[in-house]
Amino acid sequence: MIRVIRPLLHGAVAGLAGTTALNIAGYAEIALRGRPISETPEITVRTLAEKLHIRIPGDDEVRENRIAGLAPLTGYAVGLGMGAALSVAQAAGWPPTKASRYAFASLFALTVTNAPIMLLGISDPRTWAPSDWVSDIIPHVLFAAVTVRVLEKLEASGLRHESVRGLLRTSVCR
């Protein structure tokens, strides 16, 4: 049986690093091409709130500001969750090879981020132009590469959960 706490912590750290890389790549691509920022994350928040019968409070302006704040937070939550899931899978011995970890993480990232927008009817990747796919694939592959690499480094470092707890206790007590 695998211990879960260490892989979850490592996965959260790796997922955060991967999400940061994804965001940097995405915003760099926006700056280079001069294209507008996607409204898909905000539309997704609105659609999910509607489908789940959750009212986002505030008048029109305040509600829109909250949605604008929630949209990127959902991206971070997904990135951290994917990092944790990849780390637990890796700790359990799957995928078995280094190459398959990178391939699986890339496909996992693309699926987890695109399936909801497709299922909610927000966008259909089957209708995207090649430039849309490039804009989507590159940041997600970068997310996967950084996340898997950070996981490998964390596991190779031998840093154990007990060591992290000791470091936290030492820094908090100072």
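Every value quoted in this text rests on a predicted model; they were computed, and no experiment measured them.

Draft legend 1. Quick look at the confidence of the model for the chain. Of all residues in the chain, 90% attain a pLDDT of 70 or more, and the chain-wide mean is 90. When pLDDT is averaged over each helix and strand of the chain, the minimum, 47, is found for helix α6 (residues 161-173) and the maximum, 97, for helix α2 (residues 40-51). In this model, residues 170-174 is a region of pLDDT below 50 whose contacts with residues beyond four sequence positions or in other chains number zero contacts.

Draft legend 2. Quick look at the nonpolar core. Counting residues in hydrophobic clusters, the biggest one holds six residues: Ala 14, Leu 86, Ala 105, Ala 144, Val 148 and Leu 151. Per-element accounting of this core gives the leading share, three residues, to helix α5 (residues 130-157). Setting aside chain neighbours within four positions, we find Ala 144 in contact with Tyr 102, Ala 105 and Ser 106.

Draft legend 3. Quick look at the layout of surface pockets. Here the largest pocket is characterised by a volume of approximately 1,400 Å³. As for the largest pocket, its lining consists of 41 residues, and the residues nearest its centre are Ser 38, Thr 40, Pro 41, Asp 136 and His 140. Elements that contribute at least two residues to the lining of the largest pocket include exactly α1 (5-33), α2, α3 (60-91), α4 (98-119) and α5. Counting residues per element, the lining of the largest pocket draws most heavily on α3, at nine residues. For the lining of the largest pocket, the residue count by class is 19 nonpolar, 15 polar and seven charged.

Draft legend 4. Quick peek at the pattern of salt bridges. Enumeration over the complete set of coordinates arrives at six salt bridges. A salt bridge links Arg 126 to Asp 124; its shortest N-O distance comes to 3.0 Å. Judged by its relative accessible area of 23%, Asp 124 falls in the partly exposed class.

Draft legend 5. Quick peek at unusual backbone geometry. Omega for the bond connecting Trp 94 with Pro 95 falls within 30 degrees of zero, at -10°, which places this linkage in the cis form. Along the polypeptide, Pro 95 turns up in the loop between α3 and α4. Of note, the phi angle at His 53 is positive, near 55°, even though the residue is not glycine. Summarising the element assignment, His 53 is placed in the loop between α2 and α3. The exposure class of His 53 is exposed, given its relative accessible area of 73%.

Draft legend 6. Representation of the side chain of Ser 135. Along the polypeptide, Ser 135 turns up in helix α5. Engagement of the side chain of Ser 135 in a polar contact is seen with the backbone oxygen of Ser 131, the distance being 3.0 Å. Aside from chain neighbours lying at most four places away, what touches Ser 135 is Glu 29, Arg 33 and Arg 35.

Draft legend 7. Expanded view of α1. With 29 residues, α1 should cover 42 Å at 1.5 Å per step; its first-to-last C-alpha distance of 42 Å lies within 8% of that length. Taken from the residues just after α1, Gly 34 is the one with a positive phi, measuring 70°.

Rules of the game
For every chain, the first residue of the written sequence is number 1, and numbering continues from 1 along that sequence. For a predicted model such as this one, the threshold for reporting local features is a pLDDT of at least 70, and the threshold for listing and counting side-chain atom pairs is 80 or more; totals across whole chains, interfaces and linings nevertheless cover every residue. Computation of side-chain values covers all heavy atoms of the structure but excludes hydrogens and water. Per-residue confidence from the prediction method is given by pLDDT, with values spanning 0 to 100. A run of H or I in DSSP becomes a helix once it reaches four residues, and a run of E becomes a strand once it reaches two; helices and strands are each numbered from the N terminus. Contact between two residues is taken to exist if any of their heavy atoms lie within 4.5 Å; hydrogens are not considered. Among buried residues, the Ala, Val, Leu, Ile, Met, Phe, Trp, Tyr and Cys ones that are joined through side-chain atoms within 4.5 Å form a nonpolar core. Three labels apply to residues, based on accessible area from a 1.4 Å probe with only protein chains included: buried if under 20% of the type maximum, exposed if over 50%, partly exposed otherwise in between. Definitions used for this entry: grid spacing 1 Å over protein atoms alone; cavity, a set of points where a 1.4 Å probe fits but cannot get out; pocket, an open set with protein on both sides within 12 Å along at least 5 of 7 lines; lining residue, one with an atom within 4 Å of a point. Grid points are joined across faces, edges and corners, and a volume is the space filled by probe spheres set on the points. The residue classification treats Ala, Val, Leu, Ile, Met, Phe, Trp, Tyr, Cys and Pro as nonpolar and Asp, Glu, Lys and Arg as charged. All others, Gly included, are polar. When a carboxyl oxygen of Asp or Glu lies within 4 Å of a side-chain nitrogen of Lys or Arg, that pair is called a salt bridge. Distance and chemistry together define a polar contact, namely a pair of N or O atoms within 3.5 Å, with one atom able to donate a hydrogen and the other to accept it when in protein, and with adjacent residues in sequence counting only for side-chain atoms on both sides. Here the expected span of a helix is defined as 1.5 Å times the quantity of residues minus one.

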